[in-house]
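The primary structure of each chain is shown beneath.
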Amino acid sequence: MRFVERQGLRLAYDVVGDGFPLLLHTGAAGDSRMWREAGYVDGLSEFHVVVLLDHRGHGQSDAPADRSSYTVADYAGDVAAIVDELGIERFAFWGYSDGAYVGYAMAAAHPERIAALVASGGVDPPDEEPEELRRAARAVRERGIRAILGSEAAPEWLIRQLADETDREVVARELECFAGWSPWPHFPRIEAPTLIVAGELEAEHCAAAATAIPDGRAVVLPGLGHLGAFVHSELVLAVVVPFLRANSARWRTRLSGYHRPSAMRTVWVSFDTVGRDCLEAAADVGADVVGVVTLSGPIDPNRSGQCSFDAVAKRHGARLVTTTDVNADATLEAIRVLEPELIFVVGWSQLVRDPFIALAKEGVFGMHPTLLPRHRGRAPIPWAILSGLARTGVTLFEIVDATADSGAIVGQTIIDISPEDTATTLFDRIAEAHVMLIREVVPQLIATSAPRVPQDSRRASSWPRRTPADGIIDWETRALYLHDWVRAQTRPYPGAFTFLGDEKVVIWRARPVALDAAAPPGTIVAERPEGPVVACGEGGLLLEEVDTGAGALVVGARFG
């Protein structure tokens, strides 16, 4: 998602496809995901630049704290802010439910901007009592959004989003907003060709509304209600797409077009969650993600953080390329046809070679979770804790050859390490730092203003690769160091471990404690409410969280 600020709020939106711009606005209880999940974006993006927004208080957009900031004028102003940010002068507007009412308001107030209007959902009668919607708002506050969904069958994704993921107070305030606003006085001022699409069960006043609009018409979908006339996108698109196409010739001759903001065609190479979050951040700040290169499925449970990129690629309209060898001829050709200007390799364990690097006109870039040139190489999070570092960081650098982590530095972020940090907590902060650095640097790369500071190879150091077997505990070690040993290798890594007889015991969390008397290292010397205490080369280690198939860890048993 991208963001624009208005009235102190961050408003989220996304842009997909190519062609004449079409903005999609959903109703009171949903966000832009509804259009994707129901299949509208796939059906429209071939012919339109589709702009999807999360209107205020929904999805990733901020919610105003002030009740007075939920008005039709506010919603319409948010739409104008987003299309202005994109340089769009005129556009088609398609609104569902309350989103249709925002469309009526936009088309009446700004006829020079709305090229065509599609309104999905019924029209309230001109003499409707505001108390009806106010009662609905009270029901939402008291019983949740399910109170207004009705009895229509709906897919699980829609029920989950409407009923479980949307703030009921935001929905109640939006309903109260529309309780005081009627589209009927505005209909005669709408100049744009207008299509009202409604289910048969809510179409009572649609024909009259279409007649009140100078260039309006209504289409009724048999047997459907308010939700059905949205969920059944194949029926709706069959009506709407011809309407949009019928007007496209006039748009091309009468209207100024869409000016796409400057962006660079970007290919993303990754298989993990950090890389996925960085991709989303890059798209938010202007990268035009045209391709995603990732591992073939299914997801390998033994690869820490591995995730699927299918949905991400689809959401951004990017081509998905699956491979086990990023340097293979077939992979190179699949990337070459995308004509990338930028390539990012974030969360990928294979070094890229010269033919791959030559594919990107403006450069190939990687990220490493240390402050380069120090600590190149593998397992940087465990090694940072095991080495006793007080700080580490994240570096975004240019990849210019097949060596690891050696290219010019484009940006860095410093991260402090506390004595109580674990691999889990440090991983989370480093993941956040990746995203922040992407947000900072990608706009500079797009503007060709990003720095490139050569690394001083004299100050370079490197950490070796670690394997799960390297996590074995030597109980002759001091307890203070074994505390670091455990916290450095806990989740999302395989964990520090020992053996009790032939059974493996993985230790996820532990802390050093004093012992009352000496005992052979590895011996369980006490049982506390928090867990067993094990004697070490010096001091004891309290095991606070373990996984074992060895049964009870009793006093007197000995690890080794």
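Residues numbered from 1 in each chain as written. Predicted model: local features only at pLDDT ≥ 70, side-chain atom pairs only at ≥ 80, totals over all residues. Heavy atoms only, no water.

Undergrad: What should I look at first to understand the sheet that holds strand 21 (residues 531-535) in this one?
TA: Strand pairs in the sheet, formed through backbone hydrogen bonds, run parallel or antiparallel to each other. Here five strands make up an open sheet; going across it, the order is 18-19-22-21-20 and the pairing antiparallel. Only two strands of the sheet have a single neighbouring strand rather than two, namely strand 18 (496-500) and strand 20 (524-528). Within this sheet the neighbouring strands show an average axis-to-axis angle of 45°, counted without direction. In this structure, strand 21 lies alongside strand 22 (residues 540-548), joined through three bridges in antiparallel fashion. Bridge pairing in strand 22 places A535 opposite G540. (Pairing = 2+ DSSP bridges. Helix = DSSP H or I, 4+ residues; strand = E, 2+ residues; numbered from the N terminus. Axes fitted to C-alpha atoms, helices over the stretch in contact; angles between N-to-C directions.)

Undergrad: Explain the environment of I190 here, please?
TA: Position of I190 relative to the elements: it lies in the loop between helix 7 (168-179) and strand 7 (194-199). Overall, the relative accessible area of 0% leaves I190 in the buried class. Separated by 79 residues in sequence, I190 and P111 have C-alpha atoms that sit 6.5 Å apart. Here I190 is in contact with Y104, A107, A108, L117, I213 and P214, once residues within four sequence places are set aside. (Buried < 20%, exposed > 50% of the residue type's maximum accessible area, 1.4 Å probe, protein only. Contact = heavy atoms within 4.5 Å.)

Undergrad: How should I be thinking about the pattern of salt bridges in this particular structure?
TA: Pairing between side chains of opposite charge can happen when the charged atoms of each approach one another. Enumeration over the complete set of coordinates arrives at 23 salt bridges. Its salt-bridge partner being R315, residue E280 comes within 2.2 Å of it at the nearest N-O pair. Separated by 35 residues along the polypeptide, E280 in helix 11 (residues 273-284) and R315 in helix 12 (residues 310-315) bring together distant segments of the chain. On the basis of relative accessible area, R315 is assigned to the partly exposed category, the value being 25%. Here D456 ties to R458 by a salt bridge, and the two come within 3.1 Å at their closest N and O atoms. Assessed through its relative accessible area of 24%, D456 is described here as partly exposed. Given the relative accessible area of 71%, R458 is considered exposed. (Salt bridge = Lys/Arg side-chain N within 4 Å of Asp/Glu carboxyl O.)

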